[in-house]
Amino acid sequence: MSNWIGYDPEKTVPQAPSTTIIGGRLDYAHNSHGCYHEEQLIYQHFLHLVQKESPDQMVNRFRALFIERANYPEPEIIAVLDKITGSKTASEEFKFFLNRCCHILINRWHMKPQLHSAIADLISLFNAIPATYRVNNLRSRELNRLRELVKLFVSSEQYLILQRFTQVVNQSPAVAQKQNNQPLMTLIRRYPYLYEHCLISEDSTFEQQETVRHFQSQVQKKFEIDLSQYVTYKVRRIHMLKNTSPTEANRILRPVNNPTLLTDSELYTTLKHFVGKIDHGDTYHESAQKFINYGGQSRNFRQFKGDLYEYLISSVDNSYGKKQFNQKLYNHIQNILPHADEQKLNDLLLVRTCSNLLNFLVVNNPSSPQHFVFLDLISNQGTVPTMGLLLKIVLICHKVKPYLERKLSILFNHYETVTTSSIGWLVGTLEQLNIAFSIHFGNIDLSFFKKFC
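None of the values given here were measured: they were computed from a predicted structure.

Trainee: Would you mind going over the confidence of the model for the protein chain in detail, with residue names and values included?
Mentor: Overall, the prediction assigns the protein chain a mean pLDDT of 86, with 87% of residues at 70 or greater. Considering only residues more than four positions removed or in separate chains, one finds that residues 1-33, a stretch of pLDDT under 50, has 101 contacts.

Put into structure tokens, the structure is as follows:
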């Protein structure tokens, strides 16, 4: 065939004690235990209103309450908010409170695509805080304090995650394409394996996590269907061109768009690599199964590490590996848990070994994401074999797949404000890993393509 082608469970918002909701209005009693009670009152207020008011009305409420602190339909809610912003812990806690208020609306709107634009409107509210504003003396202190806290929220991880989430829910796959002058963040919709690590934080509620997983499943399934249809279209067209003209082939076959950001040639190479034979006539899956069966018979952990090294270097370019990399990889593997060398291999040792290797090969520390080894591998042998090396590790220990996803999310977060034209290697890496995961862990049908591999 021609060359055509990664938590702590959170509680849901409880019913606030001694709270009466009448037409969206609240009666409340003073709570001496911090601002927990006041927060619950506002949560319940929004939970009630979001069920009956339009998205535009709710966005306007958020503007009046959290941006302008004025002209709110229920003035007593402003008094409740003032207690929250005036608390001693507001500097640390307000971002979590405001984040949860946003999610009350998002959880209601995300299931209806026609309301997705309202999510973007809601999140963009907080980027439109006036630099100067007129206030009367009666409310200047409270408004200034609110503005300070909202600015802290905008600079927090919680708001950053909301911005990423907006990219996921407010774009169609056709829109989420690589534009060289756009930051990497605009592509996050394309990579569902990053969602749980880029869109869920430690304070995420169960509902927020379920929302993210809903989109993750939806986007992954759509990508697999689109890729399968594209591959089938390309194979059929190639066969048809043997007996007919391009014009006739175009008339008979309905064109299908390439769902990846790879060129046709790059996509063909990627598919052939991850579907076809790589090690001594074996596919990645077959090679991993043989190693699992053989590695399980190792006399001890030391012998297993030696076998693991041999298994991995077959995916490293020979000339590159001989320079320095193979020796570095060997030394690193041998230094993993040396005190356990005489033990029999067990599941814990396997998981710790594979996660340690991913630290070495991709990135280790999220706070200081150095990834020299990863960049060196890619620059010397390309992204496809480098992804293959990582895939080999995951295939012998499925439990570290989320760990590899987390490693890639660290790099994504590190580069998310950089324009894609500057980091083509990372975009290619994310695209190829998406394909590799779909082939080995998804439900994609590539039966048409496999006949040629």
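Trainee: Quick one: what's the story with empty space enclosed by the protein, residue by residue and with numbers?
Mentor: In this approach the atoms are scanned with a rolling probe the size of a water molecule, which exposes any empty space left behind. Reported here for the largest cavity is a volume of approximately 80 Å³. Around the largest cavity sit H103, I106, I161, L162, F165, L199, I200, S204, Q208, Q209, T211 and V212, which together line it. Listing elements by their share of the lining of the largest cavity, those giving two or more residues are α4 (90-109), α7 (157-169) and α9 (206-240). If you tally residues by element for the lining of the largest cavity, the top one is α9, at four residues. Residues of the lining of the largest cavity, tallied by class, amount to seven nonpolar, five polar and no charged. Empty space within the second largest cavity amounts to approximately 40 Å³. Forming the walls of the second largest cavity are N99, H103, Q158, I161, L162, S201, S204 and Q208. Of all the elements in the fold, those that place two or more residues in the lining of the second largest cavity are α4 and α7. Here the lining of the second largest cavity is built from residues that sort into two nonpolar, six polar and no charged.

Trainee: Give a detailed account of unusual backbone geometry, specifying residues and quantitative values.
Mentor: In the Ramachandran plot, R69 falls in the positive-phi region, its phi being about 50° despite a non-glycine side chain. Topologically, R69 is positioned in the loop between α2 (55-68) and α3 (75-85). Despite not being glycine, N71 shows a phi value in the positive range, around 60°. Along the chain, N71 turns up in the loop between α2 and α3.

Trainee: An account of the packing of aromatic side chains is requested, with residue identities and associated values reported.
Mentor: The final tally for this structure, using the stated rule, is 23 aromatic pairs. Pairing Y230 with Y233 gives two aromatic rings, centres 6.3 Å apart and planes at 40°, and the pair type is tilted. Of this pair, Y230 and Y233 are both found in helix α9, three residues apart, which corresponds to roughly one turn of the helix. Y233 shares its class with Y230; the two are buried. Judged by centre distance (5.6 Å) and plane angle (20°), the ring pair of Y320 and F325 falls under stacked. Cluster of aromatic residues (ring-pair linked, three or more members): Y43, F46, F62, F66, F94 and F97.

Trainee: Mind laying out the pattern of salt bridges, listing which residues take part and the relevant values?
Mentor: Evaluated as defined, the whole model comprises 18 salt bridges. Put simply, E286 and K277 hold a salt bridge, and the shortest N to O gap is 3.6 Å. Note that R302 is salt-bridged to E342, the shortest N-O span being 2.5 Å. Highlighted residues: R302 in helix α13 (residues 301-313) and E342 in the loop between α14 (318-334) and α15 (347-361), separated in sequence by 40 residues. Taking relative accessible area as the criterion, R302 reaches 37% and is therefore assigned partly exposed. Where salt bridges share partners, they join R302, K305, D341 and E342 into one cluster.

Trainee: Explain the packing of α15 against helix α18 (residues 401-415) residue by residue, including any values.
Mentor: With their axes 10 Å apart at the nearest point, α15 and α18 run at an angle of 15° to one another. With respect to α18, the element α15 is oriented roughly parallel. Crossing of α15 over α18 shows right-handed handedness. Facing S355, L358 and N359 of α15, the residues of α18 in contact are Y403, L404 and K407. Across the contact of α15 with α18, the residue classes tally to three nonpolar, two polar and one charged.

Trainee: Before we move on, could you go through the side chain of N326 and cite the residues and values that matter?
Mentor: Checked against the element boundaries, N326 lands in helix α14. Ignoring sequence-local partners within four residues, the contact set of N326 consists of Y309, I313, V316 and G321.

Trainee: Could you give an account of the nonpolar core, naming the residues involved and the relevant values?
Mentor: Ranked by size, the top nonpolar core spans 132 residues in total, and within it F46, F62, F66, F94, L122 and F126 carry the most contacts. Among the elements that take part in this core, α4 stands out by supplying 10 residues, more than any other. Ignoring sequence-local partners within four residues, the contact set of F94 consists of F66, L81, I84, T85, L146, L149 and V150.

Trainee: I'd like to hear about the packing of α14 against α15, residue by residue, with values.
Mentor: In the contact formed by α14 and α15, the axes pass within 11 Å of each other and the chain directions differ by 145°. Considering how the two elements wind past one another, α14 and α15 form a crossing that is right-handed. For the pair α14 and α15, the contacting residues are F325, K328, L329, H332 and I333 in the first and N356, L357, F360 and L361 in the second. Residues of the contact of α14 with α15, tallied by class, amount to six nonpolar, two polar and one charged.

Criteria and thresholds
Residues numbered from 1 in each chain as written. Predicted model: local features only at pLDDT ≥ 70, side-chain atom pairs only at ≥ 80, totals over all residues. Heavy atoms only, no water. pLDDT = per-residue confidence, 0-100. Contact = heavy atoms within 4.5 Å. 1 Å grid on protein atoms, 1.4 Å probe; cavity = no way out; pocket = protein on both sides within 12 Å on 5 of 7 lines; lining within 4 Å. Points joined across faces, edges and corners; volume = space filled by probe spheres on them. Helix = DSSP H or I, 4+ residues; strand = E, 2+ residues; numbered from the N terminus. Nonpolar A, V, L, I, M, F, W, Y, C, P; charged D, E, K, R; others polar. Phe/Tyr/Trp six-rings, centres within 6.5 Å; stacked < 30°, edge-to-face > 60°. Buried < 20%, exposed > 50% of the residue type's maximum accessible area, 1.4 Å probe, protein only. Salt bridge = Lys/Arg side-chain N within 4 Å of Asp/Glu carboxyl O. Axes fitted to C-alpha atoms, helices over the stretch in contact; angles between N-to-C directions. Parallel < 35°, antiparallel > 145°, perpendicular 65-115°, else oblique. Left-handed = near helix turned anticlockwise from the far one by under 90°. Core = buried A, V, L, I, M, F, W, Y, C linked by side-chain atoms within 4.5 Å.

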